Amino acid sequence: MPVWDKTRLGWRNRAANNIAAQRLAFFAISLIALTLRLWHVNTPSLWIDEAIAVGLAELPIEAILFEQLDNHPPLFFLVQHVWQAMFPDPALARIPAALIGVATVYVVMAALRDLVSLRAAIIAGLLLALSTGHTYYSQEVRMYALVLFGLALATWGGVGQAEPGRHAPRVYAALYVVGGAIAIYTQVIGLLAMGLIGFAALAGGLMTGGGKAFARSWLFRNLVLFVLILPWTLLIPGFFGFTGLHQPPSVITSLWYYNTMTGFPGLGFVGNLLVLVLYALACWGILRTWISGRKAFSLTLAGLVMAYPLALFVLSFDRPLISVRTLIPSALGVCMAAGIGLDGIRRKRLVLGIAAIILSASLASTAHQLAYPIKPENYKAAYRYLDGSGYGDAPILNCIDMSTAAAWYARPQAKIYLYQRGGLVHFAGPEYWQAARMSMSRYSVATSQEIDAFVGGRLLVDGGFDGAFGQSDKLVFMRPFCADRDMAEIESGLTQLGFTLQSERLIDEGAPPFQIMAMPHTWVTLYVREE
């Protein structure tokens, strides 16, 4: 049974001396995590956010590093670039996120084995391995799996160096700095989470008698981190200008985001009840570390579980920050804190009973999510519908660049046209991505003519609508959220060519009975022209 050992400021597990058994447990949990994250990983088509990530990753390294391509830092796109250079098939584009997700599970286990006990490590590792939210975002070509990997390393290092009596302080310092740099260079939420982790380490270290020597050490490693991230932080104010449509979040919506990310969304109402047990365990884990004198650890967990989502909620009244995916740091905190909380229960049968309930709920929720492998858009299903309707070879019109890219990746041989700010361009995948090198500030206001000139004059369609669709008797309009002006010009152009609306359909093939992590919303409108 784990017992508190005041001389080491840690839990000492009398049954944890079997290194082979520990390695076997870590391997088994990592294998479970890998299996879940690769399950149906390629079934859904790339959705719009993933399409832009795959496209930007195809650009040269110097463009990714030094040009303002996106409102996110460059590290994830660099990692994706290296992967796609070796494996260019878009069907494999989600593999890096899946592998990073598995690595995060292993880091969490290693951290808690070092900081707490083997039992806490196994419980927390299983919770994260089975987590519906973490599994979902480990199957997406986006930066959220990577930012959590960095935060897991930084949490381990920050807590380890803040607690006196631990060996190898330089290793903890390296974990903190490297993990922090990874998180901040991956997503802007990493900066907020690292601020809380850094503050918790400082406050906790001082409260446990760290003194001036600890304060100087803390200041030095944070100065090193600041120097490393300075190139990116100087650009952040400019990126915050690109916010799109925004409404302040409601408390109920924000709580739904939190429960979806950290709880059991695949179980519906039952999951909402069972998640209370998980949160109670997390609160007990935070309280347990505090009572035991591990102030830095307790404050770090409280920061991730409570302070981080609250800060994100408050900041979202000015900028659209809070969502399911941006709450992924809280999933890390909940899993670690709940693992420590369950480890602190002395009755073995009670521990086994609660663990069985929580882990079964987590597995059932994730299994339900994996049974409906969907993303917000389902272009593979859209093409199946078009093929069955006799529109498989018809030209396709869209009005959003990212949506057009997602449709192109699902069927590169399709004839896809993008109506964008006053002109019609032929979407040609890699050719079009060169326009991203205009920088966000220029690209966001550029006309189709300016974009075409920037990439060398190869995209603009001569003759506009007549040049693209004049010889076709059928047309597909994959309608996302078009601007009113673009929509009016599109309808006018199609009407002049004699196209009339035949049918309109929401492609929701494979949708779950209730929303889990996403619901498909791909609208397909079929037009026909009668001679």
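On a predicted model such as this, the values are computed, not experimentally measured, just so you know.

S.K.: Describe the overall build of the protein, and please don't skip the residues or the numbers.
M.R.: Scanning the protein for helices and strands turns up 24 helices and 8 strands. Computed over C-alpha atoms, the radius of gyration of the protein comes to 25 Å, within 12% of the 24 Å expected from 2.2 N^0.38 for 531 residues, which places it in the range of a compact globule. In terms of principal-axis extent, the alpha carbons of the protein reach across some 85 × 45 × 45 Å. Sorting the 531 residues of the protein into buried and exposed places 58% on the buried side. A separation of at least 24 residues holds for 75% of the contacts in the protein among residues at least 6 apart in sequence. As displayed, the protein offers around 22300 Å² of accessible surface, 64% of which is attributable to carbon and sulfur atoms. Across the protein, the 38 positively charged side chains and the 32 negatively charged ones have centroids separated by 23 Å.

S.K.: An account of the environment of Ala200 is needed here, citing residue identities and associated values.
M.R.: Looking at the element boundaries, Ala200 is found in helix α10 (residues 189–207). Exposure remark for Ala200: the relative accessible area of 1% places this residue in the buried category. Separated by 98 residues in the primary sequence, Ala200 and Ser298 have C-alpha atoms spaced 8.2 Å apart. Beyond its immediate stretch of four places on either side in the chain, Ala200 contacts Gly205, Ala296, Leu299 and Thr300.

S.K.: How would you sum up the side chain of Arg94? Please name residues and give values.
M.R.: With respect to the secondary-structure elements, Arg94 resides in the loop between α4 (75–86) and α5 (95–115). Owing to a relative accessible area of 3%, Arg94 belongs among the buried residues under this scheme. Side-chain polar atoms of Arg94 contact the backbone oxygen of Ser45, separated by 3.0 Å. A polar contact is formed between the side chain of Arg94 and the side chain of Glu50, at a distance of 2.8 Å. If near-sequence neighbours (up to four positions away) are discounted, Arg94 is found in contact with Val41, Asn42, Pro44, Ser45, Leu46, Glu50, Ser138, Gln139, Glu140, Val141 and Lys375.

S.K.: Quick rundown of the confidence of the model for the protein? Include the residues and the values.
M.R.: In the predicted model, the protein carries a mean pLDDT of 88, and 94% of its residues have values of at least 70. Within the protein, no element has a lower average pLDDT than strand β1 (residues 3–5), which sits at 39, and none a higher one than α5, at 97. Contacts from residues 1–16, a stretch scored under 50 in pLDDT, to residues over four places away or in other chains number 40 contacts. Note that residues 241–245 has pLDDT below 50 and, in this model, 7 contacts with residues that lie over four places away or in other chains.

S.K.: I'd love a proper account of a nonpolar patch on the surface, names of residues and values included.
M.R.: The grouping of Met207, Trp284, Leu287, Trp290 and Ile291 at the surface amounts to a nonpolar patch, some 490 Å² of accessible area in total. With 4 residues, the top contributor of residues to the nonpolar patch is helix α14 (residues 268–291). Structurally, Trp284 is set in helix α14.

S.K.: Break down helix α6 (residues 118–130) for me, citing the residues and quoting the values.
M.R.: An α-helical turn contains 3.6 residues, so a residue and the one three or four places further along point in the same direction. The terminal C-alpha atoms of α6 lie 18 Å apart, and with 13 residues this matches the ideal 18 Å at 1.5 Å per residue to within 8%. Of all 13 residues in α6, 11 are buried, a share of seventy percent or more. Those residues of α6 not exposed but buried are Leu118, Ala120, Ala121, Ile123, Ala124, Gly125, Leu126, Leu127, Leu128, Ala129 and Leu130. Buried residues along α6 sit against α1 (19–38), α5, α7 (132–137), α14, α16 (328–343) and α17 (348–371).

S.K.: Account for the pattern of salt bridges, with residues named and values stated.
M.R.: A side chain with one charge may pair with a side chain of the opposite charge, provided their charged atoms come close. Across all of its chains, the model carries 8 salt bridges by this definition. Across the pair Arg411 and Asp387 runs a salt bridge whose closest N-O atoms are separated by 2.8 Å. Note that Arg411 is positioned in the loop between α19 (401–410) and β4 (416–419) and Asp387 in helix α18 (residues 379–388), a separation of 24 residues in sequence. Note that Glu489 and Arg485 form a salt bridge whose closest N and O atoms lie 3.3 Å from each other. Of this pair, Glu489 and Arg485 are both found in helix α24 (residues 484–496), 4 residues apart, which corresponds to roughly one turn of the helix.

Conventions we followed
Residues numbered from 1 in each chain as written. Predicted model: local features only at pLDDT ≥ 70, side-chain atom pairs only at ≥ 80, totals over all residues. Heavy atoms only, no water. Helix = DSSP H or I, 4+ residues; strand = E, 2+ residues; numbered from the N terminus. Rg over C-alpha atoms; globule rule 2.2 N^0.38 Å. Buried < 20%, exposed > 50% of the residue type's maximum accessible area, 1.4 Å probe, protein only. Contact = heavy atoms within 4.5 Å. Areas by Shrake-Rupley, 256 points an atom, 1.4 Å probe, with all protein chains shown as cover. Lys, Arg positive; Asp, Glu negative; His and termini not counted. Charge placed at Lys NZ, Arg CZ, Asp CG, Glu CD. Polar contact = N/O pair within 3.5 Å; in protein donor to acceptor, adjacent residues only side chain to side chain. pLDDT = per-residue confidence, 0-100. Patch = residues over 30% accessible without salt bridge, like charges linked within 9 Å, V, L, I, M, F, W, Y side chains within 5 Å. Salt bridge = Lys/Arg side-chain N within 4 Å of Asp/Glu carboxyl O. Expected span 1.5 Å × (residues − 1).

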